[in-house]
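What follows is each chain in one-letter form.
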Amino acid sequence: MTTSRMPAIVMYLVAVFEFLLGSVFMVVGNFVPEVKTTFLLVGAGLAGTAVILFLVGMRFHRRFREAQALRANGVRGTAQVLGAQQTGVYLNEQPQIALQLRISAPGHGTYDTTIKEYVPFIAMGMLGTGRPLTVLVDPLDPAKVIVEWSLAAAPTAPPPAAEPYVKEQILATGVPGTIRVLSAEFAGSLDEQGRPVYSTQLHIEVDGRAPVAGPAMFAVPLERVSVMQPGGVIPIKADPSDPRKFAADWDRLATG
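Residues numbered from 1 in each chain as written. Predicted model: local features only at pLDDT ≥ 70, side-chain atom pairs only at ≥ 80, totals over all residues. Heavy atoms only, no water.

Visitor: With reference to specific residues and values, describe the pattern of salt bridges.
Guide: Oppositely charged side chains can form a pair if their charged atoms are brought close together. Counted by the stated rule, this structure contains three salt bridges. For the salt bridge of Arg224 with Glu223, the shortest nitrogen-to-oxygen distance reads 3.2 Å. By relative accessible area, Arg224 is classed as buried at 10%. Residue class for Glu223 comes out partly exposed when judged on its relative accessible area of 39%. (Salt bridge = Lys/Arg side-chain N within 4 Å of Asp/Glu carboxyl O. Buried < 20%, exposed > 50% of the residue type's maximum accessible area, 1.4 Å probe, protein only.)

What follows is the structure in structure tokens.
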């Protein structure tokens, strides 16, 4: 989708210019027999180009209206970049990228989709880091998605797991929720209880709060390690004032 009205305006202005120029050629061709055929053909070509540019402008304008509607009514979610490929198209010197995304959004769950976005150069480095992107999704049509590049370009603090000395308090008084594993890798170390520590990318959903996403490292009981793969869901309790501070509620997760 197009998040700026400028491309549509540019197309409309160029279309008007081409149409006026074509009209001039056709008028001159009607009054000057020596160049009539050539000028009429050139004028007709310019007029036809003007129509095409006007239709392109209408398409840009429609996409801009859809993006504005998503900004007003879309549900916020996160997207993991599975793949990115340039299409060769540029707009305002910004490359269009075909993004293969794994999206997690309230009301739609987790699903894979491909969208084409004009990516600001300041955000290009984000695509290969594994850091989730913030997206807005149409509540009725999960295929309609825009990326909030302004948030992607800004640094965000990772959602850390709770320190050991506050885990028991969070489990006793925290708000229930879940974390969905987007990616997980053994960090090569064990905690003081001999449990493997995992470096992860997580999508965190806490009752009554907007989802958040980001990296976290935490230890996993040996009998629960099977859940540490993309798509795995772990019940948690989160700090009521900060859902990024959480403790895994392993007792509510079946062993596997």
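Visitor: Residues and numbers for the sheet that holds strand β1 (residues 75-91), please.
Guide: With antiparallel pairing, five strands are arranged side by side in an open sheet as β3-β2-β1-β4-β5. What marks the edges here is a single partner per strand, and that holds for β3 (109-118) and β5 (145-147). On average, each strand axis in the sheet is inclined to that of its neighbour by 35 degrees, with strand direction left out of account. Seen against the sheet, helix α2 (residues 36-73) touches β1, β3, β4 (133-137) and β5 and runs at an angle of roughly 80 degrees to β5. (Pairing = 2+ DSSP bridges. Helix = DSSP H or I, 4+ residues; strand = E, 2+ residues; numbered from the N terminus. Axes fitted to C-alpha atoms, helices over the stretch in contact; angles between N-to-C directions. Contact = heavy atoms within 4.5 Å.)

Visitor: Hey, could you go over a positive patch on the surface for me, with residue numbers and the actual values?
Guide: Where like charges cluster on the molecular surface, the positive patch consists of Arg59, Arg62, Arg65 and Lys116. Within the element layout of this structure, Lys116 appears in strand β3. For Lys116, a relative accessible area of 52% translates into the label exposed. (Patch = residues over 30% accessible without salt bridge, like charges linked within 9 Å, V, L, I, M, F, W, Y side chains within 5 Å. Areas by Shrake-Rupley, 256 points an atom, 1.4 Å probe, with all protein chains shown as cover. Lys, Arg positive; Asp, Glu negative; His and termini not counted. Charge placed at Lys NZ, Arg CZ, Asp CG, Glu CD.)

Visitor: Before we move on, can you summarise the environment of Val16 with the specific residues and values?
Guide: Along the chain, Val16 falls in helix α1 (residues 6-31). Since its relative accessible area comes to 47%, Val16 is described here as partly exposed. With 31 residues separating them in the primary sequence, Val16 and Ala47 have C-alpha atoms 9.2 Å apart.

Visitor: Can you lay out the confidence of the model for the protein for me, pointing to particular residues and giving the numbers?
Guide: With 87% of its residues at a pLDDT of at least 70, the protein reaches an overall mean of 82. α1 holds the highest mean pLDDT among the elements of the protein, 90, whereas helix α4 (residues 149-153) holds the lowest, 63. Predicted confidence is poor over residues 153-162, with pLDDT under 50, and the contacts of this stretch with residues over four places away or in other chains come to 24 contacts. (pLDDT = per-residue confidence, 0-100.)

Visitor: Give a detailed account of the packing of aromatic side chains, specifying residues and quantitative values.
Guide: Aromatic ring pairs are defined here through the distance separating the ring centres and the angle between the ring planes. Scanning all chains against the criterion turns up five aromatic pairs. Consider the rings of Phe218 and Phe246, whose centres lie 6.2 Å apart with planes at 80 degrees: the pair is edge-to-face. Of the two residues, Phe218 sits in strand β8 (residues 212-219) while Phe246 sits in strand β10 (residues 242-248), which places them 28 residues apart along the sequence. Note on accessibility: Phe218 and Phe246 belong to one class, buried. Feature note: the residues Phe218, Phe246 and Trp250 constitute an aromatic cluster, connected by ring pairs. (Phe/Tyr/Trp six-rings, centres within 6.5 Å; stacked < 30°, edge-to-face > 60°.)

Visitor: Before we move on, could you go through a nonpolar patch on the surface and cite the residues and values that matter?
Guide: On the surface, a nonpolar cluster with roughly 410 Å² of combined accessible area is contributed by Met6, Ile9, Val10, Leu13 and Val14. Here Leu13 shows up in helix α1. In this structure Leu13 comes out as exposed when scored by relative accessible area, which is 58%.

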